[in-house]
Structures are given as C-alpha cells and as structure tokens.
Amino acid sequence: KVSFTMTAETGQNGVSIKWTYERPLNPTKLKEAANKGDAKAMWDLGNCYFYGKGVTKNYTEAVKWWEKADRVYRNTDASCNMAFCYFNGVGVTKNIVRARQKWYSAAAKGNYVAQYNLGIYYYYGKGEKENIPQAIKYFKSSAEQGYTRAINFLGWHYLTEGPYQNFAEAKLWFEASAYMDDLDGLFSLGQYYIIQDGDFSTACKWFRKAAVQGHKDAQSSLVQIYG
C-alpha cells in the first residue's frame, strides 16, 4: 500500500514545480527485442503503433503486439490495453465480454489501471447492471497503489453521491492526491473547500499550486474568484 505524507511548504506560495523527461521510443530496436521474446518491448511497440510514435499510426498492428505480449507472456499492461480495444472496438471487433475478461485477468495480478477500469465498468453499469460496492472495491485497490485517477474518483464519489456521501472520507482522498502533487488532486481539494466549507481562501491556496503548473480549470477558478 502507498502511504501519503504531508511535506512542508517552501517558497512564497508553497509552490513546487516538477517535471519528468521520457526518452523517445525507437520502434526499430523495439521490434528487434520483441522478435526475440521481450514482452516489455512488445508492449512498447504496440504503444508506438497505437499513438504513432516513430511509425505510422496503425491500430491493427498495435493490437497484434499487445495480443502477443498478453497471450504468450501474460503482460498485464498489454492485457489492459487489449481490454480497452475490445471495449471500444479499436483495431478489433467490439466485444465487451472479452474486454471484461481481460480487465479481470490484469486486475487479479494487481494491475492498477485494470482495477480502475473495472471500477468504472461497475460504477456506471457498462455492459451490465451497475454495482457501486463492487466498483468501490476496485477503485480502492487501484488507489492503494497510488493511482491518482482512482484516488480522485473516490474523493468525488464521497463528496457528491448522496447515499454514499461522507465528507471526511472525501477530504482524505483529495488530500492524498494533492500531497502527491497530482494536478487534478490539487484542484479537487480546492473545490472541496468551496463546496463543503465555503472557504475560498484555502481553496485558492490549492488552486494556485495547480494553476502555476498549467491546470486550466484551476486557472479559470482563480480568475473567477479574484474577479
């Protein structure tokens, strides 16, 4: 499980800007490695074809490499991507049952994206009747691994969903995301202080942290408040 720790504020506004650099993928070298049985290379090569990174975008080719990584090497990221393709009919014939099976397989092995997607599947009743308790179970499994989309979803669930409303629980999840410096988490925590406490001063503090890093909704909220 992931533990969340508050950090001391630094600078005039307590703002800390971080960035990461991702080395460009080389499709030629990835294909060489994939043909030798490297499952990670197969998954990366599928991404290259899916997003058109270094090659012409080709969903069918992307699916081919993801399917091989999933079927032969049980790569859970590839399985999760295949589920997306089956669910939306991208590169393959749409098959919601097959998509759910792929998500189940990856989620059972701890893939937090698959767990989040199963949460969405059950929360909104995609393909079958909604099952909120089952959805929350998957969201929490994903959130406990630090997946901020699941963390923020839980925060909004507890803040706005009438029968499940729990403001203390909502604040806990928003704080967890915000202290990980997730932009949506920073913005959501600001929203919490307005919705629940009517505390615009504290809300602005969190909006500013997201705004200086480019979060457009946070920037818009600050304009509205100061206006």
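The preceding data block contains the structure.
These numbers come from a predicted model, not from an experiment. (Residues numbered from 1 in each chain as written. Predicted model: local features only at pLDDT ≥ 70, side-chain atom pairs only at ≥ 80, totals over all residues. Heavy atoms only, no water.)

Caption draft 1: Expanded view of the overall build of the chain. Of the regular secondary structure elements, the chain holds twelve helices and zero strands. Listing the helices and strands of the chain from first to last along the sequence gives α-α-α-α-α-α-α-α-α-α-α-α. Looking at the chain as a whole, 42% of its 227 residues qualify as buried. By sequence separation, contacts in the chain at least 24 residues apart represent 43% of the contacts at least 6 residues apart. Only carbon and sulfur atoms are counted for the fraction: they give 50% of the accessible area of the chain, which is about 12,600 Å². (Helix = DSSP H or I, 4+ residues; strand = E, 2+ residues; numbered from the N terminus. Buried < 20%, exposed > 50% of the residue type's maximum accessible area, 1.4 Å probe, protein only. Contact = heavy atoms within 4.5 Å. Areas by Shrake-Rupley, 256 points an atom, 1.4 Å probe, with all protein chains shown as cover.)

Caption draft 2: Up close: the pattern of salt bridges. A full pass over the atoms with the stated rule returns four salt bridges. Two residues, Lys 102 and Glu 67, come together in a salt bridge whose shortest N-O distance is 3.7 Å. Remark: Glu 67 occurs in helix α3 (residues 59-73) and Lys 102 occurs in helix α5 (residues 96-108); sequence separation between them is 35 residues. We classify Lys 102 as buried; its relative accessible area is 7%. Under the relative-accessibility criterion, Glu 67 is labelled buried at 16%. (Salt bridge = Lys/Arg side-chain N within 4 Å of Asp/Glu carboxyl O.)

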